[in-house]
Each structure stands twice: as structure tokens, then as C-alpha cells.
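A look at the structure
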Amino acid sequence: MSGAEAAVRRGTWLSRLPIRRENQAYAALFLGPTFLLVLALIIYPLVFSVSLTFSRVSTLGGERSWVGFDNWARLFRDPLFAQSLGQTVMYVVPACILAVVIGLAVALVLNQDFPGRLLVRASLLIPWALPPVVVAAMFQWFLDGRRGLLAPWLVQLGLVDKAPAFFTGVPGTLYTLVGIHVWKTFPLIALIFLVSLQYLPRETIHAAQIDGANAWRRFRYVTLPFLLPTIGVALIIQLLVTIQLFDLIFALTGGGPGAYSTYNLYFYAFKTSFEHTNLSYGAVLAYVVTAIIVVLGVVLTRGGRSLRLS
Amino acid sequence: MAEVRLDRVVKRYRGLAHEALQETSVTFKDGLFTCILGPSGSGKTTILKLLAGIEEVSSGRIRFDGVDVTNVTPERRDVAMVFQSYALYPNMTARDNIAFPLQLRGLPRAERYRRVDEVAAMLGIGPTLARHPRQLSGGERQRVALGRAIVRDPKVFLLDEPISNLDANLRMQTREELKRIHADLKATFIYVTHDQDDASAMGDEVVVMAAGRIHQADTPTAVYWQPADRFVASFLGRLPMNFVTGTLGEGDGSVVLEGPDGLALDLGPRPDGVRLPPGRVLVGIRPESVQAARADGPGPGVIGTVTLTEVVPPDRYLTAAVGSWSVRARVVDGDEVQPGDQVRLRFGLRSLNFFDPESEQRLDMSSAGPS
Amino acid sequence: MSNANDRRARLRAWSGAALVAGAAGLELSQLFVDWPFPVWAYVVATVAGLVLLWRGLDQLHIGMGARAVAAVLALFVVLVIVVPFGVVVVLGSLQRPVDLLTGPHVIPPQPTLDQYVRLFNIAYLSEGIRNSLIVSTTAAIVATLLALLGAYAIASLRFPGRRAVYTSVMLIYMLPGIALLVPLVAIFRTFRLIDTLPGMILGHVALILPLVTWLLVSAFEGVEPDLEHAARIDGAGRFDALRRVVIPMTVPSIATTAVFAFVLSWNELLFSRVLYVSSTPMLAPSIVNLMDPINRVEPQLSAAGLVASVPVLILALVMQRYLIRGRGEGAVI
């Protein structure tokens, strides 16, 4: 038998399919399980909650009645919705600015070559790796009024006149949470910048040095423009992460102090569904959060990409 | 041995307006060493990928020895391929790299390693077998890649510019070895390259391609001395070909080419059996076919003024201006020619290539053929 | 470079270093002693010292000034990161609750490992540790396996809708968990998966699968396509090529991604809290339980926190070489 025929004979049954079909068969085989999982546990729940938003349900399996757009209309009358939304912005804006500025500064520092640099870089992973609840517990003690260490230190170092109340002020507590959140997230931002900085061509810096630019000028005219896209990416990441801030609020303040001073929209949705057991309105709130995130995510990534191309 | 045929094959890539391979039919003859020669983007690597099965044809059929393999997945085609990047598996030793195709066919280990040792001996890479690709030099890696292809004794050998990354000396040595291997294995070799020295050194046949189209498929000498169109004529050859457009006329027993700006080239008497094409023609003349001698010497020819001299061993060449036409010629007499000197240039009718000025196709000049 | 210049530069550098060390030292010592200097004096002194240090060193060796100042600032960064954790969690777990009544201490006056022993007497904590270990390990492995196949398909196979699948992976990852949770609970109730380990594992897998897939697509796209082609031409079918060539080449990326998946699952709070009723406590919600003022005993909380942190910290440290890749290696982060 000729070589060509012998060759064509070998292989599993999938190999015997024509090229295009073989590709598609393997794609179905490899993506199938993932697709099924996603369909069952992500797509279907999403669709199901749409129907929830148009009903009135308090417990699953309980009474269900169709109420049309009532739940959605409630959004406009609900003062807590407006408050949560506003407070979400109060979380997001400082968190983004602080994390990006601090992260950039730390990346610039770590970009220099000094002994122990790799050790410092490794320590950046600690806040990222720590479970958020542990971070919450840690700062709960650290910032405590009576038993915490930071308050007396601040007083003794002369930075403040009397011990600040980290967890009892309004809106101070919210900003405390922002601070803790920034502590947890700035290292990741710093690492993103650090990776980007490694792509900055050394020759450009050398050229600037030869042209007589000092460190500040080199930063402002060479490094900063180069990093603008990365700044955009970091802002987007931090934005999307902070909108969904949940663990710290749940663990540290439960939404208080006071009635709702540390609520954000995500937490409000959780509370509504799982503690007020108003599943339908909770679903509405969840959809609002989802919409905000998806729209922002898509718009910003597309916008960022076209900005980069121009 | 296998005859490889492409039948009206077209390849279009998604999202690209132009075709990577225009409708092409070509036969790679059984047991021959065929070189596909062309610049980058000509579609030569595309043909190789289609033959290997790692790309799918957009239309047309591919046959190996008459068997339609157009839709057959690569692992079942029994072709071997040597990549330009060698594509050695980094996590395996050289021995395991070469043994891999045999391992996939279920050969027992002892048998596999025996075959590997045979091939390694043939290629002279025995000592490198225990090392990993990253520990090998470029030349050694290339031989391991070759070994991996040889060990299966395939019917069709596909090679994608395998020696372009080697230095010049190694390249020459490898060309000889490849010819030797081809003679030993008697398989059909299809070798893609942009280097015409590869083609002339190794090819039994040369297929010249550009912009997704085959321009000529013929022996290396035919492609060089009887190029099928302007592209082939200018692509082959170490020095750029001279071109001029004009009309041919006959008078005083001599053929004269009348070119632009009153240029009149005496081409000598018309040989028997040669018919002059009417109208305008595009003439291509290889520099080595234009003879430059001292202006005050005897013989027919046209006088020109030297503008440049150069040395392309073993000959000396000069560029001369004849009116507004610039022509490169080989120096046959007058070693001390300098720019500014006058020289006499002789053209022989037989060594000229005539093309249609619009289609750039070769014109048939024999009086036996159609007009 | 004349000797006089050198001497001046050295003087600058030393005085700068002295200023910085002095200012920092004095400021810190204010924790124990009262100095009359206002805060801004320390700040000015430190900044001036740093500038002097920079300028001085720069004249001795180009660029060394920046490096020295960077080292000083890096020290500060490390302190900010490590001090809260080290003092509160590590040292704090060794404190005796009774000592806390006399005010905060950095160093426990009478360190004891008592809290760790007691940890295991608290049922929901020890069960939480056990459950989280099981769930996170299983979820990480399952998610990585599924994602591996899916990512290979997206990266290397040609099929209609490939681009759409890739973008939808990203889109699905963006969806917040809260949007899925209620209906998911409904589904789990129907299939009696609420409050079971398999249910918890399933929920976690669904949560982390999109991101894990996306990471692995990047890893697979980094493999030179010629290698796969060579394997197929050599006679390997898709699965063989994946198994014998592609995967061995991407083992570091796959391992890193699996670690990432584990960390995501281990740290997860929302799903773990909601999918649990009484029999499958997970570690994260259990710690929240301990934070409740009714249950709270600070050193105990610290001990629990340390135990909860150790696995992820160790994993992060071990994989940090791969997690922070540099140019030309394809970063996971």
C-alpha cells in the first residue's frame, strides 16, 4: 500500500474527521464542560433574577406574585438607594486616586536597584494574599480606640492632638474603610506599574539624561507619558474592584455606624436580599450594580483601547 | 516517494482583502528536490502549510499520489516538516525530540532509540543527543530538526527556509548534506527559500513565486536563462538585470533596437529561425551578457560613458550611460577602465530576453511558433 | 573628578544620612520620650536630609543617589505593610487577654501559645479550616482543569464564534457575585446542594472559572505556534499535542494559575457565607463570627487570622517568582 494511504489510515476517530470538523469537534469537547457550568450556574441565574425583579418574593418557594415594574419604580423613591449610590462614589474616588498615586510611587521606588529590592517586592504580595477578613480583623484591633496601637502612636508622635475615632465617626468610618482598602490594594497596583516600567526603554531615559534633564523632569516628560495607558488600566481595575467592596463592610461595620453610613450599593443589595429577605428588590439592586459594572467595564476598556490607538 | 499536486488551490485568510495564494495548480514531481523560490509574502510558506495540513485550503484540492488529502488532519498525512525556527520541543532531550514521531506511532523504546542513533550518525550529532535544545548551537538544533523529520522515513519532506539562520559557511555545508540526504532517502523534497543560491545549488526544479502566484516552474537553468516574465528575470541573478523598452527593426543585415531618446542598439545579424516580434518590446539583458571593451577597440557595438565600476568576483563590471539609458556590463577587455572613460558595449541577440511591455510575459521568438 | 569635589559630595551624603536618621530616630523615640519639636520640623528635616543624601551620592556615583533614597523609602513601605500584620496578628496572637486591660502593648508581656490550642476547641473554626482546605483545593484543581481545556480551545482551535467566546469570558468575569447569588441559592435548594461541600465546591468553581480561563488563554497564546504544528505533523492528535508538548511547556503558568485559583477561593467570603446554613462552616465567615463583639477576644482572633493567612502566604511566597514576571516572560498579574 502506498505511503499516502497508509498514513491516512492511522489515528483516533476524531483525527479522521476533515480538518474543519475536527477543530469544531475538539472545541465542543474542550469547551463543553465549561459551557455547561457557565450556562447552569451563571447564565440561568442571571435570567432567573430578571423574573425576580418583576415579582414580589420574600422567601424562595414562598408566594410569588407578578408586580410589573413596581420594584424598579421603587428605586426612584428609595432614599437609601440614592444614599448608597452616593456613598459608593465616596468609596471609589479616594480609593482610586490614592491607590494609583501610592502604587505609582512605590513602583518607582522599587524600580531602582538597591540591595534587598527583591525582598521588598515579595513583601508586596502580603496584602494581596491575605484574606480580606483577616485584614478586617487586623485593622479592627490596630485602629481600636482603647486597645489599638495606631491611635496612641499617632498622638505620641505628635501627628494628631487626640486619639482619632476610626470606627465611630460619620463619615469618618467610611474613610477608614477606604484607607484599609487602599492598604490591601495598592501593592497590586504597584506591581502592575512595576511590570509596565520594565518595558520603558532604557535608551530614552539615557537620552533624557544626556539632554540634561534632572530626575523630576525625566519623570514628568519621559516616564509619566509612557505610563499613561497603565495608569488608565490601574484606574479601571481599582474602580471595578472598589465598586464591589463587600468583605470589609460586612466584617467591620455591618453598614453602620448609625443607620447606613458605610453602605455601598453592593452591600445594600446583599442586605436587602439576605437580611431583609426582600428578594425581588434585592435582585433589582443587584442588577443596577451589575449594569454599572458591565457598562463601565466595557466603555472604559473600549475607550482606553481607542485612546491608545490614536 | 509521492507526487504532490495542488489542484486550483486558493488560500484566503480571514479579514485580509487579498488572497495569500491565488488559484494555483502545480505538481511537485515524485522523488524530486523542488525549491519554491520567492520574496517574503509570495505565498511560498502558505503552500507549505497547506501541504502539511496546518492550514486549511479555501478552495481546491491537494493530492498525494492521487489520494485526496485536502481535508485530512496533519497527523495523518505522513509528511515531515522542518521549520525555520526548528520548533524543537524544549522540555525533551535531542534524542527524545528525534524519537517523538516514533513514540507517537507506538514503537518500543529500544527500537526508537536504535533508529535515532542511526539518524544521528548520518547527521553527525551523536554527542548532542543527551542535551536539551537550549544547550545546543543553531547548527546542532537544525540537525536535530532534520533528524526528527528523517527518522520517520516520510514520503514528502517539507522544509521552510531551514538554513537561513545559519552563517554562510554552515549554509554551504548544509546544502551539500541536504542534497546527499535527498539522494539517500529518495523522497519528494519541497524546499521553500528566498535565497536563489539555495535553489540553484539544490533544486532539481525551481518554482518561482511572487504575491501569491506562481510565475514559473522549471529547471534552475531554464529559470535563469529563459525567464517567463519580467519578475522572474529580475529576481534571479546576482546583479540587477538591464531593461529597456523599444521597437525592433531590421536594416543593413543587422537587427536594431530603437529605444527612447534616439537610442539605437546594433544587435548583430538576425539568426535563422528567429522571428522579430512586432511593435514595442521590453528587453531584458543580464549584465554578464553585455560585453564592455575599450572604445577604441574593434567590432560592432554602442559607445557609452562609464559612471561606476564594481567588482563581483571573478569579473569586473561597469555601469555606463548610453544617452539617457544606464546599462551594467561585464568588462572583457580594458582592466583599467575609470568613470568618465568611453567603452564599447556589445549585445548578442541570443542572450536577450524579450517581453511584452504591458503583460511583461516572455515573447516567443521562434518562427515555428504562433505569432 | 577632583578630590575636593569628592570630599564635598561625601560630606553632603553623610550629612543627609545623618539628618534622615536623626529626624526619624527622634520622631520615633517620641513614642517614649517627649520632645518639644513640632511635627513639621521632623518632616522638613527628613525631606532635606533625603535631598542632601541624593545629591551627595549622585556626585560620587551616577544614579546612586536615587538608589539610596529609594532604599530608605522602600524601608518605609515595608514597615507600612509589615507592622500592622506583624504586631497585630503575629505578636497579638501571643498576648493574654488579661494583659490587654492595661492598655495596648507591642510586645506581649507574657507571651503564650494558649490561643492556638484553644482554636481547635471552637468547632466552627476547626471545621471551617478543614472545609476551606477541602473546598479551595478541590475548586482550584477542578477549575484549573476545566479552564485548561477551554483555554486551549480558545487559544489554538479554529471554530466559529471563537472571538465571541473569548470576549464573553471576560464579560462573565466582570459580573458581580451578588447578581447570581439569589437564583443560585434557589437552584441549589432544588438540588439539595445548599450547605453541602459539593455545593460549596461547585459555587466556588463557577465563581473563579472565568478568571482562571482568561489567565490560561494568555499562557497558551504565549506558546510558539510552530511547536504545536510540529507535534501534529509528527503524528500527534490534538489531545496528544496538548498533553505531550503544550502542557509541559506551560507548567509554571498552569501551576501559578492554580495557586491563584486557590487564593481566590480561600479568601472568598460572600458565597461561603450564604451557601452555609449549619453544617459547612467555611473559614472566612467563621472569622467574621469571631469579630462579633459578643465573641471577640482579640488574641484569639489574631490566632485564627494567622492560621487563615498561613496557607495563602506560603503559596504566594513560593510562587512569587512566577507571579511577578518581568519582560519577555508573560506576567500572570
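Not measured: the values here are computed from a predicted model.

Across its full length, chain B holds eight helices and 20 strands. Taken along its principal axes, the extent of the C-alpha atoms in chain B is 80 × 45 × 40 Å. Within chain B, buried positions represent 41% of all 371 residues. Across chain B, the fraction of contacts at a sequence separation of at least 24, relative to all contacts at a separation of at least 6, is 67%.

The helix and strand inventory of chain C stands at 13 helices and zero strands. Each helix (α) and strand (β) of chain C, taken in turn from the N terminus, gives the series α-α-α-α-α-α-α-α-α-α-α-α-α. By the compact-globule yardstick of 20 Å for 333 residues, chain C is too spread out, its C-alpha radius of gyration being 27 Å. Based on the C-alpha atoms only, the size of chain C along its principal axes is roughly 75 × 60 × 30 Å. Looking at chain C as a whole, 47% of its 333 residues qualify as buried.

Among the 11 residues in helix α2 (residues 94–104) of chain B, nine count as buried, and that is most of the element. The secondary structure elements touched by the buried residues of α2 of chain B are α3 (109–123) and α4 (138–150) of chain B together with α10 (238–267) of chain C. Taken from the residues just after α2 of chain B, G106 of chain B is the one with a positive phi, measuring 85°.

Residues and elements named next belong to chain C. Taken N-terminus to C-terminus, the directions of helix α6 (residues 162–174) and helix α8 (residues 197–221) make an angle of 140°; their axes are 8 Å apart at the nearest point. It follows from the interaxial angle that α6 and α8 lie oblique. In terms of crossing hand, the pair formed by α6 and α8 is left-handed. Packed against α6, whose contacting residues are Y166, V169, M170, I172 and Y173, the element α8 presents P210, L211, T213, W214 and V217 at the interface. Taken together, the residues that form the contact of α6 with α8 break down as nine nonpolar, one polar and no charged.

All right, on to the environment of R316 of chain B then. Residue and element names in this part refer to chain B. Along the chain, the position of R316 falls in strand β17 (residues 315–322). Between the C-alpha atoms of R316 and R344, which are 28 residues apart in sequence, the distance is 15 Å. If we skip the residues at most four places from it in the chain, R316 touches T309, V311 and V331.

Residue-level contacts link 15 residues of chain C with 18 residues of chain B. Among the secondary structure elements, those contributing two or more residues to the side of chain C that touches chain B are α9 (225–233) and α10 of chain C. Per element, the largest residue contribution to the side of chain C that touches chain B is six residues, and it comes from α9 of chain C. For the side of chain C that touches chain B, the per-class residue count stands at seven nonpolar, three polar and five charged.

So, about the interface of chain A and chain C. Residue-level contacts link 84 residues of chain A with 81 residues of chain C. No other element matches helix α2 (residues 19–53) of chain A, which puts 17 residues into the side of chain A that touches chain C. Broken down by class, the residue content of the side of chain A that touches chain C amounts to 61 nonpolar, 19 polar and four charged.

Take the domain arrangement of chain B next. All names here are of chain B. Once the domains are mapped, chain B shows domain 1 (4–235) and domain 2 (242–355). Between the C-alpha centres of domain 1 and domain 2 there is a distance of 41 Å. Class assignment for the residues of the side of domain 1 that touches domain 2 results in two nonpolar, no polar and two charged.

Another point: the sheet that holds strand β19 (residues 342–347) of chain B. All names here are of chain B. As summarised here, the arrangement of the five strands in space is β15-β18-β17-β16-β19, forming a closed barrel in which the pairing is mixed. Averaged over neighbouring strand pairs, the angle between their axes works out to 50° when direction is ignored. Bridge count between strand β16 (residues 302–312) and β19: four bridges; the pairing is antiparallel. Each residue of the ladder has a partner; that of G304, found in β19, is V343.

A word on helix α9 (residues 172–197) of chain A. A turn of α-helix holds 3.6 residues, and therefore any two residues three or four places apart point the same way. Given a rise of 1.5 Å per residue, 26 residues ought to cover 38 Å, and the 35 Å separating the end C-alpha atoms of α9 of chain A matches this to within 8%. Counting buried positions along α9 of chain A yields 20 of 26 residues, so the element is predominantly enclosed.

Let's shift gears to the domain arrangement of chain C. How big an interface is tends to be stated in terms of the accessible area lost upon association of its parts. Residue and element names in this part refer to chain C. We note that the domain assignment places domain 1 (3–102) and domain 2 (115–323) within chain C. In this structure, domain 1 and domain 2 have C-alpha centres spaced 41 Å apart. With nine residues of domain 1 at the interface, the matching set in domain 2 holds eight residues. In terms of residue class, the side of domain 1 that touches domain 2 is made up of five nonpolar, three polar and one charged.

Residues and elements named next belong to chain B. Across the sheet, which stays open at both edges, the five strands sit in the order β13-β12-β11-β14-β20 with antiparallel pairing between neighbours. Each edge of the open sheet carries a strand with a single partner, namely β13 (264–266) and β20 (353–355). Shown here is a sheet whose adjacent strand axes are inclined to one another by a mean of 40°, direction ignored. The pairing of strand β14 (residues 280–285) with β20 spans three bridges and is antiparallel. Considered in β20, the bridge of V283 is made with F354.

Okay, unusual backbone geometry next. Residue P171 of chain A is bonded to the preceding V170 of chain A through a cis peptide linkage, with omega at 5°. Along the chain, the position of P171 of chain A falls in the loop between α8 (150–156) and α9. Look at the link from P313 of chain B to P314 of chain B: it is a cis peptide, with omega at 5°. Tracing the sequence through the fold places P314 of chain B in the loop between β16 and β17. Even without being a glycine, Y86 of chain B presents a positive backbone phi close to 75°. Residue position: Y86 of chain B is located in the loop between β6 (79–82) and α2. For Y86 of chain B, a count of 23 C-beta atoms within 10 Å gives the class buried. In this model, D153 of chain B sits at a positive phi of 50°, which is unusual for a non-glycine residue. With respect to the helices and strands, D153 of chain B occurs in the loop between α4 and β7 (156–160).

Below, the discussion takes up the confidence of the model for chain C. Residue and element names in this part refer to chain C. Averaged over all residues, the pLDDT of chain C equals 86, while 96% of them reach at least 70. Note on residues 326–333: pLDDT under 50 across the span, and 22 contacts to partners over four residues away in sequence or across chains. Predicted complex, confidence summary: ipTM 0.87, pTM 0.85.

Mapped onto the elements of the fold, S324 of chain B is located in the loop between β17 and β18 (325–331). The class of S324 of chain B is exposed, set by 10 C-beta atoms lying within 10 Å.

This brings us to the environment of L113 of chain C. Residue and element names in this part refer to chain C. Relative to the helices and strands, L113 resides in the loop between α3 (64–91) and α4 (114–119). What makes L113 exposed here is the crowd of 10 C-beta atoms within 10 Å. A sequence separation of 19 residues divides L113 from L94, and the C-alpha atoms of the two residues are 5.8 Å apart.

Criteria and cut-off values
- Residues numbered from 1 in each chain as written.
- Chains lettered and ligands numbered in written order.
- Predicted model: local features only at pLDDT ≥ 70, side-chain atom pairs only at ≥ 80, totals over all residues.
- Helix = DSSP H or I, 4+ residues; strand = E, 2+ residues; numbered from the N terminus.
- Buried ≥ 20, exposed ≤ 12 C-beta atoms within 10 Å, placed from the backbone.
- Contact = placed C-beta atoms within 7 Å.
- Rg over C-alpha atoms; globule rule 2.2 N^0.38 Å.
- Axes fitted to C-alpha atoms, helices over the stretch in contact; angles between N-to-C directions.
- Parallel < 35°, antiparallel > 145°, perpendicular 65-115°, else oblique.
- Left-handed = near helix turned anticlockwise from the far one by under 90°.
- Nonpolar A, V, L, I, M, F, W, Y, C, P; charged D, E, K, R; others polar.
- Domains from an automatic or database assignment.
- Pairing = 2+ DSSP bridges.
- Expected span 1.5 Å × (residues − 1).
- pLDDT = per-residue confidence, 0-100.

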